[in-house]
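Descriptive structure summary
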Amino acid sequence: MPELLRLLWGTVLLRPYVFAFLAVYLLASSTQSGWRRTLLFLPLGYSIAWISEFSSIHWGFPYGDYFYIEDTLDRELWVMGVPFMDSLSYVFLAYCSFSTAIFLLSPVQFTAANAYILENHALRRSRQTLVLGAFLFVFLDIIIDPVALQGYRWFLGQIYGYREPGVYFGIPVSNFAGWLVVGFAMMAGLQGLDSILGLEPDQPSRLHRVHR
């Protein structure tokens, strides 16, 4: 246990930006969906991400044949060959994609003084939100992966690499196909939690109004 805590604390010190984004997720999601759903998606989203990464580094699916560089094994937490912070990042990236999809699909009502975003539960759990959210998840990776792959150029450091460099800044197309597959799984997970009425917040949020 002391070693686990040391490595977890080492992860916080080495990757503070991950935990800063995680804090934003906790605040934003709790005001929109409530603390129960927010906290439950942490292990659910992490598990989906970790399984996908573990599968890829061993069998090349779904992202393609890549590997992690284990230079920080003694400085941060790894889970069976996968950096803890990497799988954790999928949680707030998925939530960002899901929320953006809802925002883009929500109709707008204009009044004399203001405009209001009209969001409803049917939209949150719709097929359109599932599909758009998954594609937005991929679009995030189109930006993130080229930057991360060249982490040796900045403070991130070289975290991973591909055994066969791809056509997009060294990234193979299979990587984005994998993100789409995982994106659908993450969006489905968020929608599944959203559909459980017992997880509704006890009181409506003051920061997020839902028009039914």
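What this report covers is the structure whose coordinates are included nearby. Treat the numbers as computed from the prediction; the structure is a model and nothing was measured. (Residues numbered from 1 in each chain as written. Predicted model: local features only at pLDDT ≥ 70, side-chain atom pairs only at ≥ 80, totals over all residues. Heavy atoms only, no water.)

The first and last C-alpha atoms of helix α2 (residues 16-33) sit 25 Å apart over 18 residues, in line with the 26 Å expected at 1.5 Å per residue. Looking at the buried residues of α2, the elements they touch are α3 (35-59), α4 (84-105) and α5 (121-124). G34 sits one or two residues past α2 and shows a positive phi near 95°. (Helix = DSSP H or I, 4+ residues; strand = E, 2+ residues; numbered from the N terminus. Expected span 1.5 Å × (residues − 1). Contact = heavy atoms within 4.5 Å.)

Another aspect to go through is unusual backbone geometry. A cis geometry characterises the amide bond from F61 onward to P62, with omega recorded as 10°. Position of P62 relative to the elements: it lies in the loop between α3 and β1 (66-68). Located in the positive-phi region is M80, a residue other than glycine, with phi close to 50°. Structurally, M80 is set in the loop between β2 (78-79) and β3 (82-83).

A contiguous nonpolar patch, built from V131, F135, F139, I142, I143 and I144 and spanning about 490 Å² of accessible area, is present on the exposed surface. Position of I144 among the secondary structure elements: in helix α6 (residues 127-149). (Patch = residues over 30% accessible without salt bridge, like charges linked within 9 Å, V, L, I, M, F, W, Y side chains within 5 Å. Areas by Shrake-Rupley, 256 points an atom, 1.4 Å probe, with all protein chains shown as cover. Salt bridge = Lys/Arg side-chain N within 4 Å of Asp/Glu carboxyl O.)

With that out of the way, let us pick up the side chain of S56. Inspection of the secondary structure assignment puts S56 in helix α3. Not counting the four nearest positions on each side in its chain, S56 is found in contact with F61, P62, Y63, G64, D65 and Y66.

Turning to the packing of α3 against helix α7 (residues 173-194), a few remarks are in order. Running from N to C, α3 and α7 point in directions that differ by 160°, and their axes come no closer than 10 Å. Our classification of the angle between α3 and α7 gives roughly antiparallel. Where α3 crosses over α7, the handedness of that crossing is right-handed. The residues of α7 that touch α3, namely those facing R37, L40, F41, L44, G45, I48 and S52, are V182, A185, M186, G189, L190, L193 and D194. Grouping the amino acids of the contact of α3 with α7 by side-chain chemistry returns 9 nonpolar, 3 polar and 2 charged. (Axes fitted to C-alpha atoms, helices over the stretch in contact; angles between N-to-C directions. Parallel < 35°, antiparallel > 145°, perpendicular 65-115°, else oblique. Left-handed = near helix turned anticlockwise from the far one by under 90°. Nonpolar A, V, L, I, M, F, W, Y, C, P; charged D, E, K, R; others polar.)

Its volume calculated, the largest pocket comes out at about 780 Å³. Forming the boundary of the largest pocket are 32 residues, of which Y17, S89, F92, L93 and I144 lie nearest the centre. Contributing elements (two or more residues each) for the lining of the largest pocket: α2, β1, α4, α6, β6 (160-162) and α7. For the lining of the largest pocket, the element with the highest residue contribution is α4, accounting for 9 residues. Within the lining of the largest pocket, the residues separate by chemical class into 25 nonpolar, 3 polar and 4 charged. (1 Å grid on protein atoms, 1.4 Å probe; cavity = no way out; pocket = protein on both sides within 12 Å on 5 of 7 lines; lining within 4 Å. Points joined across faces, edges and corners; volume = space filled by probe spheres on them.)

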